[in-house]
Amino acid sequence: MAAPAGHTAHVDANGVLIRGPESCGTRQEARPGAEDAAFIANPATPVRTIYLNKNGGTYTIKSGNVTDASTNIASTIAAGDGSPHANAVIPPIDAVFNWPYIVTCVKKHYKPYNVSITETEPTSGNYVEAVVGGTGSSTGWSASSGILGVASADNFCGVTEKGIAFSFATNHIGITNQDDELCATIAHEVGHLLALEHEVADADTMSYVPFATAHAKSFTTVDAHCGTDSQTQTNCMCQTTASGQMTNSDKRLTQYIGVRPVETTPPTLNVDSPGDDNTLPPSFNVVAEATDDTAMDQVAVLLNGTTMASSTSPAGNTYTVALSKIPLGSYTLEVQAIDLSGNITKRDIPVTIALGATGESCLNGPDCSGNVCASNVDGSQFCTQTCDDANTCPGGFACTVVGAQNLCTPDGGGCCAVSTGGDSRAAMLLALGVGAVLFRRRRHR
Ligand SMILES: [Zn+2]
């Protein structure tokens, strides 16, 4: 799209528009009274909750300062055409994005401040929502606008306590460093809900300068002119400095949101897997439950003191950290729960990495001495092997025709208990790398 005169569009190496004059649709317009001097002087407010929503939803755009994340209502300041919209559907985020990476990145932006970031929608209290998906077409934005995001910031210059930030993920596809850029858009639009306006500093999340140009994005600690980049300065709308003509995103977040309280209470940690059997295949998941009295950061898994993998995206309180292709041998596996104040709770577990014998659990064929990892009907997976008259199965297993080969399958129906009527058919899904097949299991009595 053409940039209006007086504005600077940013394009990537391929000439693709990345952050132009329409990249952020949030109007830089102070709401009268938003900057309450008493409020600024008293930042001791409770922790704010930011709900990151990658699943989309149906939103209503209405006139007036009516934004409410709990009822999916935004105001017309978030609409591309400035008009109300009923039943505007924001689709889920496109599968091309690395959502766990983006969540980690957004959390990093807000780590210094007194916020709690969750992927579970709160059921009570105020929270701001960042919904991430689509192109904005359902809320009146032109498909060709290149719009990256907009904030329904009813209380611009102050905190919109129930605000909704829209980040149009689909319009980020193909942008250089698209995961980083989408993270920057989410942090930027949420920033508008938390008293921030545009500022020109390249590295600041509130500028238009793309991640690929700035190489890093954060809420920076320096005073900067207002505007979208160094060539596009504007008067400031919100009061930060005595002159009123500079802003400072870090300072404003500190004023309006507060810094994250320092606390020394370590997280709780329960390691569910590995359990008592500490002989593991080369690929395995560590599953742990961790909570913190303020805010969790991550669960990390170390082998002999080296961090191998981590997760910042729990399902409820359960973190799953996948390790793969660990060389055979003995290790000290350490699971660490780390909170946002840096307190660590850890468990050391001695483990031996070995190829699985038939019947032992596995994630894939190379985990097994027999090079076959099969799935039971209950979802569990076990190592098995091919067999014939010369290569018999170990005790407890019988050689069974499975598709085009003979495999050792458990005796006694312990694994494949699905049957209907008098039919002894059992469904055993075989994970052989070529998809699942159904087979008829030999009847054992
Ligand atoms: Zn903006």
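Residues numbered from 1 in each chain as written. Predicted model: local features only at pLDDT ≥ 70, side-chain atom pairs only at ≥ 80, totals over all residues.

Draft legend 1. Quick peek at the nonpolar core. In this structure, Val 106, Ala 165, Ile 186 and Val 190 are the most contacted members of the largest nonpolar core, which totals 58 residues. Element by element, the count of residues in this core is highest for helix α3 (residues 178-193), at seven residues. Beyond its immediate sequence surroundings of up to four residues, Val 106 is in contact with Leu 52, Ile 117, Cys 183, Ile 186 and Ala 187. The next biggest cluster of nonpolar side chains, apart from the first, holds 20 residues, and it includes Met 296, Val 299, Tyr 331 and Val 351. (Core = buried A, V, L, I, M, F, W, Y, C linked by C-beta atoms within 7 Å. Buried ≥ 20, exposed ≤ 12 C-beta atoms within 10 Å, placed from the backbone. Helix = DSSP H or I, 4+ residues; strand = E, 2+ residues; numbered from the N terminus. Contact = placed C-beta atoms within 7 Å.)

Draft legend 2. Representation of the confidence of the model for the protein. Confidence in the prediction of the protein, expressed as mean pLDDT, is 84, and 84% of residues score 70 or more. The low-confidence segment residues 1-10, where pLDDT is below 50, has 25 contacts with residues more than four positions distant or belonging to other chains. Ignoring residues within four places in sequence, the model shows residues 414-445, a span with pLDDT below 50, making 53 contacts including any to other chains. (pLDDT = per-residue confidence, 0-100.)

Draft legend 3. Expanded view of helix α2 (residues 99-110). Look at α2: 17 Å from first C-alpha to last across 12 residues, which is about the 16 Å you get at 1.5 Å a residue. Listing the buried residues of α2 in full gives Ile 102, Val 103, Cys 105, Val 106, Lys 107, His 109 and Tyr 110. Those residues of α2 that are buried are in contact with β3 (48-53), β7 (115-118) and α3. (Expected span 1.5 Å × (residues − 1).)

Draft legend 4. Quick look at unusual backbone geometry. For the bond from Ser 273 to Pro 274, the omega torsion is 5°, close enough to zero to count as cis. In this structure, Pro 274 sits in the loop between β13 (268-273) and β14 (279-280). One non-glycine residue with positive phi stands out, namely Asn 371, at about 65°.

Draft legend 5. Just the sheet that holds strand β16 (residues 296-303), in detail. The strand order across the open sheet built from five strands is β14-β20-β19-β16-β17, with neighbouring strands paired in mixed fashion. Because the sheet does not close on itself, it has two edges, and the strands there are β14 and β17 (306-311). As paired elements, β14 and strand β20 (residues 344-353) share two bridges and run parallel to each other. Looking at the pairing, Leu 280 lines up with Ile 353 of β20. (Pairing = 2+ DSSP bridges.)

Draft legend 6. Representation of the environment of Ser 249 within the structure. With respect to the helices, strands and loops of the structure, Ser 249 is situated in helix α5 (residues 249-256). Using a count of 29 C-beta atoms within 10 Å as the deciding quantity, one classes Ser 249 as buried. In this structure, the C-alpha to C-alpha distance between Ser 249 and Leu 196, residues 53 residues apart in sequence, is 6.2 Å. Among all residues touching Ser 249, those that are not within four sequence positions of it are Gly 191, Leu 196, Glu 199, Asp 204, Thr 205, Met 206, Phe 219 and Thr 220.

Draft legend 7. Just the pairing of strand β8 (residues 128-132), in detail. Buried residues dominate β8, accounting for five of its five residues. Along β8, one buried face is formed by Val 128, Ala 130 and Val 132 and the opposite face, lined by Glu 129 and Val 131, is buried too. Direction of pairing for β3 relative to β8: parallel, over a ladder of four bridges. Looking across to β8, one finds that Ile 50 is bridged to Val 128. Note: β8 against strand β10 (residues 164-167), four bridges, orientation parallel.

Draft legend 8. Quick peek at the packing of α2 against α3. The contact between α2 and α3 brings their axes to 9 Å, and the two run at 45°. Taken together, the axes of α2 and α3 lie oblique to each other. By crossing handedness, the relation of α2 to α3 is classed as right-handed. Contacts between α2 and α3 involve Tyr 101, Ile 102, Cys 105, Val 106 and His 109 on the former and, on the latter, Asp 179, Asp 180, Leu 182, Cys 183, Ile 186 and Ala 187. Here the contact of α2 with α3 is composed, by residue class, of eight nonpolar, one polar and two charged. (Axes fitted to C-alpha atoms, helices over the stretch in contact; angles between N-to-C directions. Parallel < 35°, antiparallel > 145°, perpendicular 65-115°, else oblique. Left-handed = near helix turned anticlockwise from the far one by under 90°. Nonpolar A, V, L, I, M, F, W, Y, C, P; charged D, E, K, R; others polar.)

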